[in-house]
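Inside the fold
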Amino acid sequence: MHGDAMSGGVAFPRQDKRTLADDGNELRFCSTCAFSQACLDQGMDKRALMDLHVLVEHIGPFHAGDHLFREGDPFEAIAAVRAGTVKTYVVDRDGHEHVLGFHLPGEVIGLNAIDGDTYPCNAVALDTVMLCRFSFPKIAVLATRLPGLQRQLFRLLSRDIGRAALLAGDWSADQRMAAFLVGLSRRLAARGFSATRFQLTMARTDIANYLRLAPETVSRVLRRFQEEGRLVVDRRELEFLDAPALEALAAPVLRD
Amino acid sequence: MESQSIAFNADLLRRYDRPGPRYTSYPTAPQFHPGFGERELRDAAATSNGDPIPRRLSLYVHVPFCASPCFYCGCNRIITRDTSRGEAYLARLYREIALTAGLFDRDRAVIQLHFGGGTPNFLSPTQLGAVVETLHGHFRFSDSQDRDISIELDPRFVNADDIATLALIGFNRASFGVQDFDPAVQQAVNRIQSVEQTRAVVDACRAHGFRSVNVDLIYGLPGQTAEGFGRTLDIVAGMRPDRVAVYGYAHMPHLFKPQKQIDDCLLPSGETKLALLQLAIEKLVAAGYLYIGMDHFALPDDELALAQARGGLHRNFMGYTTHADSDLLGLGVSAISHVGDSFSQNPRDLPSWQAALDEGRLPVFRGMRLDDDDQLRADLIQQLMCQGEVPMAAMERRYAIDFASYFATALERLAPLVEDGLVRIEERRISVTSRGRLLLRNIAMCFDRYLDQPATIATPRFSRAI
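Here, residues in each chain are numbered from 1, in the same order as that chain's written sequence. As they are written, the chains are lettered A onward and the ligands numbered 1 onward, keeping that order. Note on the predicted model: pLDDT of at least 70 is required for a residue's local features to be given, and 80 or more for side-chain atom pairs to be given and counted; whole-chain, interface and lining totals, by contrast, use all residues.

1. Focus on the overall build of chain B
Helix and strand content of chain B: 17 helices and 19 strands. Three classes are used. A residue is buried when 20 or more other C-beta atoms lie within 10 Å of its own, exposed when 12 or fewer do, and partly exposed in between, with C-beta atoms placed from the backbone. Relative to its full complement of 466 residues, chain B shows a buried share of 46%. A pair of residues counts as a contact when their C-beta atoms, built from backbone coordinates, are separated by no more than 7 Å. Residue pairs at least 24 apart in sequence account for 75% of intrachain contacts in chain B once pairs closer than 6 positions are excluded. To qualify as a helix, a DSSP run of H or I must reach at least 4 residues; to qualify as a strand, a run of E must reach at least 2; elements of each kind are numbered from the N terminus.

Shown next, in the form of structure tokens:
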């Protein structure tokens, strides 16, 4: 048995009722909101936030290749991804790109700017992206008054740091690849997407860069996984056939 | 598919004999538009390089020249006996090869190379060898067992020594045009070739280790009779080519100028045409050939038949192929490419193609990007043409659709075909019956979104189904 019956949910980035962001209204937060629960727990609805002049605005759609912010732009807001995939990256002095991460629906970008006045990295849309922007100084002030919101911010920050540390270890190409795929699968499943079928919205070179592998190695490892019956790849679409095998391979990296 | 069987029902075939696409692509070429150009092709190639496992490459090289005009021809070709035109053409072709190769990551191996025309053997074996060598210089050829280098050959202009040279270059598949051995028909279509000539080159291919030989026949040609065509079929079956294609002649002189030289009075009636088709099917099946689909037959141990049995058959501009998972690059005048989710085509006239290359541009004059709906329908039509079924349940899951509502219009159009027993709607799939196998294109047409557009129906761009 595989597919929907086991994992539920539609294959990212396709949308269905469960994954499509409910845009909310003047009083309700939208369903993908990273902060709504924290605010609601404190008895604050959207109206209450507006009264505090916390600007929450939906922006987009951005299209593949559009930059959401660039390194050095003044830092004013963090944003939650409502749809699509965002890649963050920096460019070193020699002009080489370094991919910092991929941000999926429900995840927040701009957190690594909190320390300064400008964004320390670039963010680019990999497909059609919709964002929800929160003016940062306001939400930070609000967080001092709402302990739940503060906890949520810290949680997001630590998740961001933890993910970056994952790939720092001395792992094999197979382990890195498996950890990357299992990680994506879990993050997507948490948003109601299928855990076993999804599209790799990022290019092979981006995956290679992020995992510090050669692009040819990315393909070679995936081809071998495919020959071993662990997964199947068709263009950008990927399906787990033997999720336990991939989980086992990824376990040391993900510290399960 | 119902155990490869075909039921021949003349009444049905008569009723369903209407113009329709051959679905070597979906959407079909009339949907290509000039808004898709060089930049769009570059984008499509870059995106295809970004796939986690980028597809292997299939190369198609179009050689537009023919030394002699066959009157039935609907291909893009130039009649000339001036062999120096070949050299001039190759100079441009090499430029195109260099430009195109640069679009693709070097680790993408070539799994298939095909020469079509026109008459590819208008070029000498030495020239063909130079083309293959140039391609080797720009692309990495796969060393996989199933790598194919194939060519369409006119038996009148090739001999056993040439075949030996081609084998040395790496050619391992050949397709020969025969059409009909009946002298009266050969006279009427201006293509005189003897049985001996043909047999000699088919045998030479065998002797030099070619993996497969295909023979093309055409029914519906001027002067054709059941008796004469029957003899041709017996002779061809006796040569045991691995594959036989039996095409219906589409007389459309308003589209294909050379056909104006065919005397309408000599064309067989609709009845005779049907009888010729029936004869071809009966004789080939009796000789042990399996019907693959559309116009194609193959011996049971041929790779097409084996691929179909394991669900790995694919259809593209070169017909049926076993190389399902590749991006197709068309090189040369009028050639069509299928890269990622795009189709694109080179100019159909030599001067425009040359001009683009002389300016250092990729010679794309039209194309299109497939949207989600196009891709879904292309997948569906592909499965219909190759496997004889529409796996509804699998498609619902793959594309997150409710089949019945998504294809409500298509299913409505399909209803009379269900009634006539061409297809059967089962719980999880729609399957083509033995009655429907000869009418695959009519079944596919039900799912073609663009046929809803009146402009497409009004202009008879497509040949008739039979």
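Picking up where we left off.
2. Brief notes about the domain arrangement of chain B
All names here are of chain B. Segment limits for the domains were obtained from an automatic or database-derived domain assignment. Parsing chain B into structural domains produces domain 1 (1-27 + 372-466) and domain 2 (30-328). Here domain 1 and domain 2 have C-alpha centroids that lie 25 Å from each other. If you look at the interface, domain 1 gives 23 residues, while domain 2 gives 22 residues. Looking at the side of domain 1 that touches domain 2, the elements that each hand over two or more residues are helix H1 (10-15) and helix H12 (372-387). Looking at which element gives the most residues to the side of domain 1 that touches domain 2, the answer is H12, with 4 residues. Polar here means any residue outside two lists: the nonpolar Ala, Val, Leu, Ile, Met, Phe, Trp, Tyr, Cys and Pro, and the charged Asp, Glu, Lys and Arg; Gly therefore counts as polar. For the side of domain 1 that touches domain 2, the class distribution of residues is 10 nonpolar, 8 polar and 5 charged.

3. Overview of the sheet that holds strand E5 (residues 97-103) of chain A
Residue and element names in this part refer to chain A. What the 4 strands build is an open sheet, ordered E2-E7-E4-E5; its pairing is antiparallel. Sheet topology places strand E2 (67-69) and E5 at the edges, where each strand pairs with a single neighbour. The average undirected angle you get between the axes of adjacent strands in this sheet is 30°. Whether two strands pair comes down to DSSP finding at least two bridges between them. Two elements, E2 and strand E7 (residues 122-125), share 2 bridges in a ladder whose sense is antiparallel. Each residue of the ladder has a partner; that of His67, found in E7, is Val124. Strands in contact with helix H7 (residues 204-211) are strand E4 (86-91) and E5; relative to E5, the strand with the most contacts, it is inclined by about 100°. Orientation is described by axes fitted as lines to C-alpha atoms, over the contacting stretch for helices, and by angles from 0 to 180 degrees between their N-to-C directions.

4. Concerning the nonpolar core
In globular proteins that are soluble, nonpolar side chains generally tend to be buried together. Residue and element names in this part refer to chain B. Leu217 and Ile443 are the most contacted members of the largest nonpolar core, which totals 119 residues. Among the domains, domain 1 (1-27 + 372-466) and domain 2 (30-328) are the pair contributing at least three residues each to this core. Ignoring sequence-local partners within four residues, the contact set of Ile443 consists of Leu384, Leu417, Leu422, Val423, Val432 and Gly436. The term nonpolar core refers to a set of buried Ala, Val, Leu, Ile, Met, Phe, Trp, Tyr and Cys residues connected through C-beta atoms within 7 Å.

5. Considerations on helix H6 (residues 173-190) of chain A
All names here are of chain A. Helix span, expected: 1.5 Å multiplied by one less than the number of residues in the helix. Given a rise of 1.5 Å per residue, 18 residues ought to cover 26 Å, and the 26 Å separating the end C-alpha atoms of H6 matches this to within 8%. Looking only at H6, the buried set comprises Gln175, Arg176, Met177, Ala178, Ala179, Phe180, Leu181, Val182, Leu184, Ser185, Arg187 and Leu188. Backbone geometry just downstream of H6 places Gly192 in the positive-phi region, at approximately 95°.

6. What to know about the sheet that holds strand E11 (residues 237-240) of chain A
Residue and element names in this part refer to chain A. Within the open sheet, the 3 strands sit side by side as E9-E11-E10. Their pairing is antiparallel. What marks the edges here is a single partner per strand, and that holds for strand E9 (197-199) and strand E10 (231-234). This sheet shows a mean twist of 15° between the axes of neighbouring strands, independent of strand direction. The sheet contact formed by E10 and E11 spans 4 bridges and is antiparallel. Residue pairing in the sheet places Leu231 in a bridge with Phe240 of E11.

7. Some thoughts on the interface of chain B and chain A
Residue-level contacts link 8 residues of chain B with 20 residues of chain A. Among the residues making up the side of chain B that touches chain A, the classes are represented as 4 nonpolar, 1 polar and 3 charged.

8. A word on the pairing of E5(A)
Residue and element names in this part refer to chain A. Bridge count for E4 against E5 is 6 bridges, and the pairing is antiparallel. Residue Val91 lies in a different strand from E5, and its bridge partner there is Glu97. Turn length for the E4-E5 hairpin, with the two strands adjacent in sequence and antiparallel, is 5 residues, and the turn residue Gly95 shows positive phi of about 85°.

9. A word on helix H15 (residues 408-419) of chain B
Here H15(B) is 12 residues long and its end C-alpha atoms lie 17 Å apart, about the 16 Å a rise of 1.5 Å per residue gives. At the exit of H15(B) stands B:Gly421, carrying a positive phi of roughly 75°.

10. Section: the confidence of the model for chain A
Detailed reading of predicted coordinates is not advised where the pLDDT is low. Residues and elements named next belong to chain A. On average, residues of chain A carry a pLDDT of 84, and 80% of them reach 70 or more. Along the chain, pLDDT gives the predictor's confidence residue by residue, from 0 to 100. Within chain A, no element has a lower average pLDDT than helix H1 (residues 4-7), which sits at 42, and none a higher one than E7, at 97. For residues 1-7, every residue scores under 50 in pLDDT, and the model assigns this stretch 13 contacts once sequence neighbours within four places are set aside.

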